[in-house]
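# Residue-level structure breakdown
As a plain string of letters, each chain reads:
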Amino acid sequence: MDNNQSLFERAQRVIPGGVNSPVRAFKAVGGTPRFVQRAQGPYFWDANGKQYIDYIGSWGPIILGHGHPAVVEAVQKAMLDGFSFGAPTEREVELAEEILKLVPSMDMVRLVSSGTEAAMSAIRLARGATGRKKLIKFEGCYHGHADALLVKAGSGLATNGLATSAGVPPEVVQHTLVLEYNNILQLEEAFALHGPELACLMIEPIAGNMNFVRASVPFMRRCRELCTAHGALFVFDEVMTGFRVHLGGAQAVYAQQIPGFEPDMTVMGKVIGGGMPLAAFGGKREVMNLLAPLGAVYQAGTLSGNPVATACGLATLKEIQQPGFWAGLEAKTQSLVDGLKAAAAQADVPFSADCQGGMFGFFLFPDLPQNYATVMKTDSAKFNTLFHGLLDRGIYIAPALYEAGFVSAAHTDADIAATVAAAAEVFQLLSK
Ligand code: KE4
């Protein structure tokens, strides 16, 4: 038995499923999860000492690569001054100022410890600000595991969402409408039916929880128009895309295509903590001031704005502002996507891929899917062959066909070339 297997057996005796987050268990792809011993740059080494090129990077946060010297130094220094105080620190103010400088649609921001907490709090704030109950989300978008968000579409627009998890009573999800991503007709109908009751619309602007599906510009423009017309808050969930697809997040990408575009609120996470537990939600001053201790919308957290996590996040945000950072990252991500496309074409394997900044996705379809139903038509057996073929060759991609991939600044051209070469071998297996 190898060390990953023995560790997995041991873990399953004391941790449900042997993991602290379900996707890590390899349930969708089968096989034994790789237990990470250590990581450095674009690599990690598993419990057997095998090296992998890491395209998960903690599901997005590790945009600099593992163990960036400036980040390690900042964290080590912060730790010497104390791990946690439960009292305000200057560094929280510094990080908030940095986030607001880079995402000018927000006037204020509140730091929390996870994307789930940030999304949950943003919804509560939207409901408090509007006095309304209903919210719109989209099938295939994941905003963390708060009860109101564990919902799938009901039988029709007039009906309530249906809980996707045990333990979530119907009355908790009754105000959550789930629409099809990129479906303007459904969007129009939902606002026509429920406009005055809608507190907010929450969306992943580039849906990394459907692997990689972009909201079309017409769809995004219509979301903005309808939220404005009906007084619903337009909430961008940029936990994954924030500081990952662009220095200003996905909202900066859409603002290039829709003049003056901005959401009303933004939820962030992952990169802003540099890999440590840190997330945030923010918006316009008049909405954010409704939060306790000023306003009536309660929200709190023992470790919110943690002094070590904020040091990690700040050091990360400083590095991604260095000259040439984004050009270099985008060039590497694009060369990965182009290489994979060429290798798939060479093997005559139906394949499509897309990327933005340091985030990419691919599908075993000739055309990029526009919604969840299409993504889930993927031949999972073929995906699993691809996943394990790459894993055996030391390439670590997401163990689920609906997850995105991430390139860091530490990935080298040689790493990208090795990845494409490994994929070319595996595509040959798929085409047999
Ligand atoms: P966390 O609570 O996991 O920090 O964030 C929830 C969340 C919110 N919004 C978006 C767009 C997200 O992608 C996430 C979390 N992403 C998943 C990966 N698809 C985290 C991985 C996991 O669940 O283990």
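For the structure, see preceding data.
Quick look at the structure, then. Remember, predicted model here, so these are calculated numbers, not experimental data.

### Considering the layout of surface pockets
What the second largest pocket holds in volume is close to 650 Å³. Around the second largest pocket sit 29 residues that line it, and E92, V109, R110, L111 and S304 are the ones nearest its centre. Looking at the lining of the second largest pocket, the elements that each hand over two or more residues are α3 (90-102) and β4 (108-112). When grouped by side-chain class, the residues that make up the lining of the second largest pocket number 16 nonpolar, 10 polar and three charged.

### What about the site of the ligand?
Around the ligand sit 16 residues, and of these S21, T116, N209, D237 and E403 come closest. Take Y142: an N or O atom from its main chain is 3.3 Å from a nitrogen atom of the ligand. Note that a nitrogen atom of the ligand is positioned 3.1 Å from one of the side-chain N or O atoms of K270. Taken together, the residues that form the shell around the ligand break down as five nonpolar, seven polar and four charged. For the shell around the ligand, the two domains that each supply at least three residues are domain 1 (3-63 + 323-430) and domain 2 (69-319).

### Here's the deal with the pattern of salt bridges
In total, this model carries nine salt bridges according to the counting rule given. A salt bridge links R34 to D46; the nearest nitrogen and oxygen atoms lie 4.0 Å apart. A residue pair is termed long-range when its members are at least 10 positions apart, and R34 in the loop between α1 (3-14) and β1 (36-40) and D46 in strand β2 (residues 43-46) qualify at 12 residues. Judged by relative accessible area, which is 19%, R34 ranks as buried. A salt bridge links K101 to E98; the nearest nitrogen and oxygen atoms lie 2.9 Å apart. With a gap of three residues between them, K101 and E98 both fall in helix α3, about one helical turn apart. Taken together, the salt bridges that share partners define one network made up of E98, K101 and K318.

### Structural notes on the environment of F44
Mapped onto the fold, F44 is located in strand β2. For F44, a relative accessible area of 2% puts it in the buried group. Taking the C-alpha atoms as reference, F44 lies 21 Å from G361; in sequence the two are 317 residues apart. Every residue in contact with F44, bar those within four places of it in the chain, is listed here: R34, V36, R38, A39, K50, Q51, Y52, D54 and Y396.

What counts, and where the lines are drawn
Throughout this description, residue numbers start from 1 for each chain and increase along the sequence as written. Local features are withheld for residues below a pLDDT of 70 in this predicted model, meaning they are given only at 70 or higher, and side-chain atom pairs are given and counted only at 80 or more; totals for whole chains, interfaces and linings count all residues. Each side-chain value is worked out from all heavy atoms of the structure, with water and hydrogens disregarded. Two kinds of site are reported from a 1 Å grid over the protein atoms alone, namely cavities, where a 1.4 Å probe fits but cannot get out, and pockets, open sets with protein on both sides within 12 Å along at least five of seven lines, and residues are called lining when an atom falls within 4 Å of a point. Grid points are joined across faces, edges and corners, and a volume is the space filled by probe spheres set on the points. Segments assigned H or I by DSSP are reported as helices when at least four residues long, segments assigned E as strands when at least two residues long, and all are numbered from the N terminus. Under the scheme applied here, ten amino acids are nonpolar (Ala, Val, Leu, Ile, Met, Phe, Trp, Tyr, Cys and Pro), four are charged (Asp, Glu, Lys and Arg), and all others, including Gly, are polar. Any residue with a non-hydrogen atom lying within 4 Å of a molecule or strand is treated as near it. Definition of a polar contact: a pair of N or O atoms within 3.5 Å, with one able to donate and the other able to accept a hydrogen when the atoms are protein atoms, and with sequence-neighbouring residues admitted only if both atoms are side-chain atoms. An automatic or database domain assignment provides the domain bounds reported here. Whenever Lys or Arg places a side-chain nitrogen within 4 Å of a carboxyl oxygen from Asp or Glu, that contact is recorded as a salt bridge. Note on exposure labels: buried denotes an accessible area under 20% of the residue type's maximum, exposed denotes more than 50%, and partly exposed covers the range between, all computed with a 1.4 Å probe on protein chains only. The contact criterion used throughout is that any non-hydrogen atoms of two residues lie within 4.5 Å.

Note that every value here comes from positions in space, so none of it alone points to a role or purpose.
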